[in-house]
Amino acid sequence: MSTEYHLPHNYTTARPEQLPAFPKALGVSDHWTPSAITLAAGKKPGTLTLTSAPPYDSSQHQSFGIGVGTFQFDMATRTSKGWGGGMVRYLQSGRPCVWKPEEPKEGSFHLALEISAEDAAAVRASEREHIEDFQLAWDRSFGLVSGLLPTCSADSTQGAIKALVTRLIAMEAAYVIPADPDEPGNWGPHILKVYKALCAHSYKRDDKGHHSPIRYEFTVHEKTITLRFAFGPRHPSTEFVIPGEISPVFTAASHEEYVQAKQAAASRPPAAADARLDVGTVVVWSDAARDGRLFEDYPLGLSIAEQTIHAVPDPDPDSQRWVVDMPAINGRLHFEEGTVVAVNDTHTWVRIDFRDHEDDGSFTWATPKVAQLGLPDGHGYVCLRHHLLKPKT
Ligand SMILES: [Zn+2]
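Because the structure is a prediction, the values reported are computed rather than measured.

1. Details of the overall build of the protein
Thought 1: When you go through the protein residue by residue, the secondary structure sums to nine helices and 20 strands.
Thought 2: Principal axes of the C-alpha set define a box for the protein whose edges measure 80 × 60 × 30 Å.
Thought 3: A burial count over the protein gives 33% of its 393 residues as buried.
Thought 4: In the protein, once contacts between residues fewer than 6 apart in sequence are set aside, the share between residues at least 24 apart is 73%.

Below you can see the structure in the form of structure tokens.
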């Protein structure tokens, strides 16, 4: 497992029109994902190999950021009632705002953002943090398993898998073990899922405001206000990419316990039937969900994957429209309801209407974020662990 970063950072300097969220976001980075990860028996009996297709290459992460220049982007008006237009966001940000020479009392102004070489470098450093996060996500998923395989050789494929499970449990890394590890084909898809979930942790930097300016400076000259941003300190990837926030699907204390539980399960109904979660069941939060506690409280609360609303019931966030929106999911399953559309060994897919209907036929969306998804008929899908749900009575 590599812990040193010599990342090729494929970084492109962009103009504002190439940055959809400008000036709110001055850069954007997307993680690259292999199409498949596969654990298979090696050429030598009793060995395992882990491969990705096509081979993972961190230089393929897309990363853009603003370049040096002065960019006019909006208007703002000051009247006796206060500011309107593009200034409002900054003045309401709660961050220090400095006026030079002084704040105008009235008038209409063009807004321009000035990016110095130093600022452009700060944006680039922020985007590189996302790339380093994606590398750490890879190291803590694929890299972790791949690095252990040479030490897991045994008499047979099953013996090697048992050794791998035992090593991972000893390292407190059960999050990377699939629910049924004795089937080699279960490993790759689970490792890929863990990698994507860890990559998603990177956006906590943006949600928590670590990639937002810490101070604004406004210079007034005739009918133009020039904005300058001051950027905050850097934060290491280990502050954000946290495997402990991934809910393990393998919960046995040892490989032996897993084998025993598997044998016992064969003689009793599956957990979903115990909880009476069948397709068509109308459900709400169970007591275990505790009104969908925030992921900071994880492992008691919801994982990032469980805070994701999909446009269709499909676990692959790359192939479909999706958004992470905890408040919307929490509000619906606390005050409204959902309907079970699919059940597997560990998780339940729930269809939820994210609209509030008025008597006159109009509706409003649960949150602005879910409104952006443009859900057909207002229905979105969430994949939750069984114990978070109970039938609505
Ligand atoms: Zn960011």
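2. Some details on the sheet that holds strand S6 (residues 69-79)
Thought 1: With respect to topology, six strands assemble into an open sheet ordered S7-S6-S9-S11-S10-S8, the strand pairing being mixed. What marks the edges here is a single partner per strand, and that holds for strand S7 (82-85) and strand S8 (97-100). Looking at each pair of strands side by side, their axes are set apart by 30° on average, direction ignored.
Thought 2: Two elements, strand S10 (residues 215-221) and strand S11 (residues 224-230), share seven bridges in a ladder whose sense is antiparallel. The partner of His-221 across the bridge, within S11, is Thr-224.

3. Regarding the sheet that holds strand S1 (residues 11-14)
Thought 1: Strand order across the open sheet formed by three strands is S1-S5-S2, with mixed pairing between neighbours. Edge positions in the sheet fall to S1 and strand S2 (27-30), since each of these pairs with one other strand and no more. The average angle at which neighbouring strand axes cross in this sheet is 20°, direction not considered.
Thought 2: In the sheet, S1 pairs with strand S5 (residues 62-66) via four bridges, with the strands oriented parallel. Within S5, the position partnered with Ala-14 by the bridge is Ile-66.

4. Re the environment of Ile-66
Thought 1: Tracing the sequence through the fold places Ile-66 in strand S5.
Thought 2: Considering only alpha carbons, one finds Ile-66 and Thr-12, 54 residues apart in sequence, at a separation of 8.6 Å.
Thought 3: Setting aside anything within four residues of it in sequence, one finds Ile-66 in contact with Ala-14, Pro-16, Leu-19, Leu-26, Gly-27, Ile-115, Ala-120 and Val-123.

5. Some words on the pairing of strand S9 (residues 107-115)
In regular strands, side chains alternate between the two faces of the sheet.
Thought 1: Note that S6 and S9 share nine bridges and pair antiparallel. Paired with Thr-77 across the strands is Ser-108, a residue of S9.
Thought 2: The sheet contact formed by S9 and S11 spans four bridges and is parallel. Of the residues in S11, the one forming a bridge with His-110 is Thr-224.

What counts and what doesn't
- One numbering rule holds for all chains: residues counted from 1, following each sequence as written.
- Selection of residues for local features in this predicted model requires a pLDDT of at least 70, selection of side-chain atom pairs for listing and counting requires 80 or more, and totals for whole chains, interfaces and linings are taken over all residues.
- Strands here mean DSSP runs of E at least two residues long; helices mean DSSP runs of H or I at least four residues long; both are numbered from the N terminus.
- Whether a residue is buried, exposed or partly exposed is read from the other C-beta atoms within 10 Å of its own C-beta, which are placed from the backbone; 20 or more gives buried, 12 or fewer gives exposed, and intermediate counts give partly exposed.
- Any residue pair is listed as a contact if its two C-beta atoms, each placed from the backbone, are within 7 Å.
- One requirement defines pairing of two strands: DSSP has to find at least two bridges between them.
- The axes used here are C-alpha line fits, helices contributing only the stretch in contact, and every angle between their N-to-C directions lies in the interval 0 to 180 degrees.

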